[in-house]
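# A look at the structure
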Amino acid sequence: MDKQIIINRLSRLRESMKKEGIDAYIIPSSDHHLSEYPPQCWKDREWISSFNGSAGTVMVTADHAGLWTDSRYFLQGSEQLKGTTIELYKMGMPATPTIPEYIRDHKATIRRVGFFGKSMSAAEALGTQNALAPYGIEVVWNKDLIAPLHEEPATLPMFPFYEQPLKYAGMSVADKLSLLRKTLLADGANSCIITMLDEIAWLFNVRGTDVLYNPVGIAYGLVTPKAAYIYTMEGKIPAELQASLSEAGVMVRTYNDIYKDVTGLTAEEVVLLDNARTNYALFKSIPAHTPRVIKTSAITRLKAIKNAVEVEGYRKAMQRDGVALTRFFIWLEKVLNAGGTPSEYEIGVKLAEFRAQGDLYVSDSFSTICGYNGNGAIVHYSAQKDSCKRVEKKGILLLDSGGQYRDGTTDITRTVSLDGNPTARQKADYTRVLKGHIAIARAIFPQGTRGSQLDILARKALWDVCQNYGHGTGHGVGHFLNVHEGPQNIRMDENPALLELGCFTSNEPGLYIAGEYGIRIENLILCVPYKETEFGSFYAFDTLTMCYLDNNLVDVSLMTPEEIKWYNDYQSQVYAEVSPSLTAEESAWLKAKTAPLSA
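Residues numbered from 1 in each chain as written. Predicted model: local features only at pLDDT ≥ 70, side-chain atom pairs only at ≥ 80, totals over all residues. Heavy atoms only, no water.

### Quick word on the overall build of the protein chain
Summing up its helical and strand segments, the protein chain has 18 helices and 28 strands in all. By the compact-globule yardstick of 25 Å for 599 residues, the protein chain fits well, its C-alpha radius of gyration being 25 Å. Taking the principal axes of the C-alpha coordinates as reference, the protein chain spans close to 70 × 55 × 50 Å. Per-residue burial over the protein chain gives 59% buried out of 599 residues. Taking all contacts inside the protein chain whose residues are at least 6 apart in sequence as the whole, residues at least 24 apart take part in 70%. Split by element, the accessible area of the protein chain, about 24100 Å² in all, is 53% carbon and sulfur. Seen as two clouds, the 61 positive and the 69 negative side-chain charges of the protein chain have centres 1 Å apart. (Helix = DSSP H or I, 4+ residues; strand = E, 2+ residues; numbered from the N terminus. Rg over C-alpha atoms; globule rule 2.2 N^0.38 Å. Buried < 20%, exposed > 50% of the residue type's maximum accessible area, 1.4 Å probe, protein only. Contact = heavy atoms within 4.5 Å. Areas by Shrake-Rupley, 256 points an atom, 1.4 Å probe, with all protein chains shown as cover. Lys, Arg positive; Asp, Glu negative; His and termini not counted. Charge placed at Lys NZ, Arg CZ, Asp CG, Glu CD.)

This is the structure in structure tokens:
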């Protein structure tokens, strides 16, 4: 994009701010439903800055603009902000102030701060207000200054919802509503407001195509002791689906009626409110007389625990995904051996083509990250069709990709040596990442464990040589839903959510050498029972992702016998589960790739 366009947009925003008497305006990455990946019509942060990472917040003042983002996007942000006059603020670094701290430090010129309450969570809005209140700084939350500036009016997507049938969902809408109401009562509440699109999709067994890669549709929800509502635009719910929802006790209402209905809540409705998953405008709509219980969304907690049908669906989807990846890597090897140099972008397209040949494939689960050599060090690298690198038969390729299947969602990263002759340093780096990956995969832990308590297992081999990575080790994964979901995760930051039986989490330690290469190894793991002892219940992980690991990158001398055994067992399992769906030639290729390591 021409950076002058961004400069002009910033200028027009500043004019609007001046008219409204607003000294600083905050533009988060989320939309009215707090989505990580908003539909095109609500990508305000990207529109004002050109930065298209999935996480980041822009703040604009009369004479300054900044983007705050995390370590996954430091390199990408630095590149995309060049020429825009927007400064990059690296979140988590000691010298980087938070947005409220920046405002506080400039309180002489910033007296009124604005943001649009529909696009910010109640938690973030309240946190900002509480941080600024001691300094007498006023917060204006109901001003949408971005939408009027768009060259063309934003148009909401009108793709229809469709049903996620019971054979894939594993639980009916009526049963989910019953379970939700029981959970709300156990939490001391009886009602909930639903902002998040994946929560709508899970609860009502519907899916959509309004957001790229995420099979969700735009809607709100409201559940009370006696009623359940889904709020969306007219025409988005076909008659047959509406009849099915009605039979389950769900009424369909007009999209914006959610605000009126929330305003009409009584003192009898006790609302379970998740401030991190409720937009601030809905939060402000709740009457003062309506009691509130502040807690993590009941739907988020229920959705994270997969039922037996969903687990079986994941297993089948992982097997088909493994077949697609095997055939893709065979193709890539043949192309490179023949002297071909496919681009990073072309590789992503080709991988999607192999996935699309499998049953129940719907789309990719996110934009493929294909980083060759130095680009692999950009954690969330996005290959641009006209400017990305061409891949040769040398160096290292990092490939992070996933698929949306009707019976499950996949997310996998493999790092491979393209000529089979990596340097000793590359092998040592890869093996330390591998040791962390294996440590998580082999973990045994007591009931009640949090992800932050396991994270050190993934980093220990790296920390021993003063290396580290800036992103989390694992995130929750939806079932034919968003590839990122909560509440559980595995990362250094404290998160009170427990690792529960039936939850799916990624296992993806990494290491990034700027300008040279990136390494990441990612599988999806299921929390399963391990053993009952006099000390309580113990859990473990079952690795479900089925794709070979590159033997060429392993320095066996750095591994313990237990790690080598896990590695060889995994490779053997990959071959056993994937090879029956391959041709004889493909099976022989995979057999060689999964040959056991020896000490």
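From this point, the discussion proceeds with the structure in view.
### Points about the packing of aromatic side chains
Applying the stated criterion to the full structure yields 19 aromatic pairs. Where Phe328 meets Phe329, the ring centres are 5.1 Å apart and the plane angle is 65 degrees; that geometry is what we call edge-to-face. The residues Phe328 and Phe329 share a single accessibility class, namely buried. Judged by centre distance (5.8 Å) and plane angle (35 degrees), the rings of Phe328 and Trp331 are tilted. Here Phe328 and its partner Trp331 are both found in helix H13 (residues 308-337), 3 residues apart, which amounts to about one turn of the helix. Lying over the aromatic face of Tyr259, Lys118 brings its terminal NZ or CZ to 4.7 Å of the ring centre. The ring of Tyr575 carries Lys591 above its face, with NZ or CZ at 4.5 Å from the centroid. (Phe/Tyr/Trp six-rings, centres within 6.5 Å; stacked < 30°, edge-to-face > 60°. Lys NZ or Arg CZ within 6 Å of the ring centre and 35° of its normal.)

### Brief notes about empty space enclosed by the protein
All told, the structure shown has 3 cavities of 30 Å³ or more when counted by the stated rule. Estimates place the volume of the largest cavity at around 100 Å³. Looking at the lining of the largest cavity, the elements that each hand over two or more residues are helix H7 (173-186), strand E8 (191-194), strand E13 (271-273) and helix H12 (298-304). For the lining of the largest cavity, the leading source of residues is E8, giving 3 residues. Among the residues making up the lining of the largest cavity, the classes are represented as 10 nonpolar, 3 polar and 3 charged. Examining the composition of the lining of the second largest cavity, we find that 3 residues originate from one element, strand E1 (residues 24-27), more than from any other. For the lining of the second largest cavity, the class distribution of residues is 7 nonpolar, 2 polar and 2 charged. (1 Å grid on protein atoms, 1.4 Å probe; cavity = no way out; pocket = protein on both sides within 12 Å on 5 of 7 lines; lining within 4 Å. Points joined across faces, edges and corners; volume = space filled by probe spheres on them. Nonpolar A, V, L, I, M, F, W, Y, C, P; charged D, E, K, R; others polar.)

### With respect to helix H1 (residues 3-20)
Because the α-helix completes a turn every 3.6 residues, residues three or four places apart line up on one side. Its 18 residues give H1 an end-to-end C-alpha distance of 26 Å, which sits within 8% of 26 Å, the value for a rise of 1.5 Å per residue. Listed in full, the buried residues belonging to H1 are Ile6, Arg9, Leu10, Leu13, Ser16 and Met17. On an axial view of H1, the arc spanned by its buried residues comes to 120 degrees, and they lie on one face. Facing away from the buried surface of H1 by more than 90 degrees, the exposed residues are Lys18 and Lys19. Where H1 is buried, its residues meet E1, helix H2 (44-49), strand E2 (57-61) and strand E3 (65-69). The residue sitting at the N-terminus of H1 and contributing the capping side-chain oxygen is Asp2; that oxygen lies 3.0 Å from the backbone nitrogen of Gln4. Phi turns positive, to about 70 degrees, at Gly21, one or two residues after H1. (Expected span 1.5 Å × (residues − 1). Arc of directions from axis to C-beta. Polar contact = N/O pair within 3.5 Å; in protein donor to acceptor, adjacent residues only side chain to side chain.)

### So, the layout of surface pockets
Gaps left between atoms are located by rolling a probe of water-molecule size over the structure's atoms. Of the pockets and cavities examined, the second largest pocket occupies roughly 740 Å³. In this structure, the second largest pocket is lined by 29 residues; those nearest its centre are Glu46, Ser50, Asn52, Gln80 and Gln384. Those elements that provide at least two residues to the lining of the second largest pocket are H1, H2 and helix H3 (74-80). Broken down by element, the lining of the second largest pocket gets its largest block of residues, 4 residues, from H3. By residue class, the composition of the lining of the second largest pocket is 9 nonpolar, 11 polar and 9 charged.

### Observations concerning the side chain of Thr594
Mapped onto the elements of the fold, Thr594 is located in the segment after helix H18 (584-593). Here Leu590 takes part through its backbone oxygen, which lies 2.9 Å from a polar atom of the side chain of Thr594. In this structure the side chain of Thr594 is engaged in a polar contact, spanning 3.4 Å, whose partner is the backbone oxygen of Lys591. Other than its neighbours up to four places away in sequence, Thr594 contacts Tyr548, Asn551, Gln571, Val574 and Tyr575.

### Here's the deal with the UniProt feature "domain: Creatinase N-terminal" (unreviewed entry) in the protein chain
Summarizing the sequence annotation, UniProt attributes the feature "domain: Creatinase N-terminal" (unreviewed entry) to residues 9-132 in the numbering used throughout. As a span, residues 9-132 carries 35% helix and 17% strand, and end to end its C-alpha atoms are 27 Å apart. (UniProt positions renumbered as here; feature names shortened; annotations may be inferred.)

### Digging into the sheet that holds strand E17 (residues 396-401)
An order of E16-E17-E20 is seen for the 3 strands of this open sheet, with the pairing classed as antiparallel. Taken across any chain shown, the strands that pair with only one partner, and hence form the sheet edges, are strand E16 (369-372) and strand E20 (412-417). Neighbour-to-neighbour, the strand axes of the sheet open up by a mean angle of 10 degrees, direction not taken into account. (Pairing = 2+ DSSP bridges. Axes fitted to C-alpha atoms, helices over the stretch in contact; angles between N-to-C directions.)

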